[in-house]
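Single-letter residue listing:
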Amino acid sequence: MSDTLRQDIIFKILKIAKDNSDLNSDDLFNQAESATQSMFDQLTSSSAEGATSEKDDKARTKRRMKRKDRNQRKEHVGRFFVRMMEKNIKKPGIPDCLIPVFANSVQSTIGEESYKQVLGKIDRLLEFGENKGFDYDKILDSKPGQTIAKEILALYRAEASSGSFEKQLKNNLDETLVKNISSIENGQELNIEDTVNLAFNEFNKYLKTK
């Protein structure tokens, strides 16, 4: 509405100038001002309402972001864990769909009790970060976030030495790859066994070197 009103004001002034070309600048200004005063008042009112609306929109967006952050909490232990290694295991030949498999393996690997303890720490950190106005990624990358991630990594590494761990994780990688293969690499052929082995080996390499 405000854009249309601005155009109407401009056309009004142009018409007044065209119809009253014999007037001097002061008289022309006074006539244009008088003829467009109510239109400018309406434009000002519209702009004020728009600013209020924009402020309300920002508040609603912030609330939606907070709801989104809270919804992510159901998987946030895995997210904190994977955050440290994403750059190391996101390599050519390893599809993005396999990264969540490593995140989802945390709970079963470190055990329920350790998982709940870490969960409590992250919950408190998220609450503190949200109160400070930080978004989820900033909390993940903060110093306390990295400390928690290192703790998860240590717990994970201690439990990842069993033979059943490798078998189970590879099975999960295989299953995920099969489900998503149609949308990977723009339809290019992918050797499932080689891709699973590559993903597991890069992940395992990271576990052993950190």
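> Would you explain the overall build of the protein in this entry?
Along the backbone of the protein there are eleven helices and zero strands. Written out in order from the N terminus, the α and β elements of the protein read α-α-α-α-α-α-α-α-α-α-α. At a minimum sequence separation of 6, the contacts of the protein that also span at least 24 residues come to 74%. Entry remark: accessible area of the protein is about 13,800 Å², with carbon and sulfur atoms responsible for 48%.

> Explain the packing of aromatic side chains to me, please; I cannot follow it from the model alone.
We describe a pair of aromatic rings using the distance from one ring centre to the other and the angle between the two ring planes. Scanning all chains against the criterion turns up six aromatic pairs. For the pair Tyr 156 and Phe 165, a centre-to-centre distance of 5.6 Å together with 85 degrees between the ring planes defines the contact as edge-to-face. Each of the two residues, Tyr 156 as well as Phe 165, counts as buried. An aromatic cluster of at least three residues, connected via ring pairs, comprises Phe 81, Phe 102, Tyr 156, Phe 165, Phe 200 and Phe 203.

> Explain the packing of helix α3 (residues 76–83) against helix α9 (residues 143–159) to me, please; I cannot follow it from the model alone.
When two helices pack together, their arrangement is given by the angle between the helix axes and the distance between those axes. At their nearest, the axes of α3 and α9 sit 8 Å apart, and the two run at 95 degrees to each other. Overall, the two elements α3 and α9 adopt an arrangement that is roughly perpendicular. On the side of α3, the interface is formed by Val 77, Phe 80 and Phe 81, while α9 contributes Gly 145, Ile 148, Ala 149, Ile 152, Leu 153 and Tyr 156. By residue class, the composition of the contact of α3 with α9 is eight nonpolar, one polar and no charged.

> I'm lost on the packing of helix α10 (residues 163–180) against helix α11 (residues 192–209) in this one. Help?
Look at α10 against α11: their axes get within 10 Å of each other, and the N-to-C directions meet at 130 degrees. By the angle between their directions, the pair α10 and α11 is classed as oblique. The hand of the α10/α11 crossing is right-handed. Listed contacts from α11 to Phe 165, Glu 166, Leu 169, Lys 170, Leu 173, Asp 174, Leu 177 and Val 178 of α10 are Ile 192, Thr 195, Val 196, Asn 197, Ala 199, Phe 200 and Phe 203.

> Can you help me understand the environment of Asp 194 in this one?
On the secondary structure map, Asp 194 appears in helix α11. You can call Asp 194 partly exposed: its relative accessible area is 48%. A C-alpha to C-alpha distance of 9.9 Å links Asp 194 and Ile 94, two positions 100 residues apart in sequence.

> Any chance you could explain the environment of Gln 107 here in plain terms?
As for its position among the elements, Gln 107 is in helix α6 (residues 106–110). By relative accessible area, which is 32% here, Gln 107 ends up partly exposed. When the C-alpha atoms of Gln 107 and Val 77 are compared, they prove to be 8.1 Å apart, with 30 residues separating the residues in sequence. Residues within four places of Gln 107 in sequence aside, it is in contact with Glu 112 and Tyr 115.

> Would you mind showing me how to read the nonpolar core here?
Membership of the largest hydrophobic core comes to 39 residues, with the highest contact counts inside it found for Phe 80, Phe 81, Ile 152, Tyr 156, Leu 169, Leu 173 and Phe 203. For this core, the elements supplying multiple residues, two or more each, are α3, α5 (99–104), α6, α7 (112–131), α8 (136–141), α9, α10 and α11. Tallying contributions element by element places α11 first for this core, with six residues. Every residue in contact with Leu 173, bar those within four places of it in the chain, is listed here: Leu 98, Val 101, Phe 102, Val 196, Ala 199 and Phe 200.

> Mind showing me how you'd approach the side chain of Thr 36 here?
By the element assignment, Thr 36 lies in helix α2 (residues 25–72). Under the relative-accessibility criterion, Thr 36 is labelled buried at 1%. Polar side-chain contacts of Thr 36 include one of 2.7 Å to the backbone oxygen of Ala 32. Not counting the four nearest positions on each side in its chain, Thr 36 is found in contact with Ile 9, Lys 12 and Ile 13.

Thresholds applied
- Residues numbered from 1 in each chain as written.
- Predicted model: local features only at pLDDT ≥ 70, side-chain atom pairs only at ≥ 80, totals over all residues.
- Heavy atoms only, no water.
- Helix = DSSP H or I, 4+ residues; strand = E, 2+ residues; numbered from the N terminus.
- Contact = heavy atoms within 4.5 Å.
- Areas by Shrake-Rupley, 256 points an atom, 1.4 Å probe, with all protein chains shown as cover.
- Phe/Tyr/Trp six-rings, centres within 6.5 Å; stacked < 30°, edge-to-face > 60°.
- Buried < 20%, exposed > 50% of the residue type's maximum accessible area, 1.4 Å probe, protein only.
- Axes fitted to C-alpha atoms, helices over the stretch in contact; angles between N-to-C directions.
- Parallel < 35°, antiparallel > 145°, perpendicular 65-115°, else oblique.
- Nonpolar A, V, L, I, M, F, W, Y, C, P; charged D, E, K, R; others polar.
- Left-handed = near helix turned anticlockwise from the far one by under 90°.
- Core = buried A, V, L, I, M, F, W, Y, C linked by side-chain atoms within 4.5 Å.
- Polar contact = N/O pair within 3.5 Å; in protein donor to acceptor, adjacent residues only side chain to side chain.

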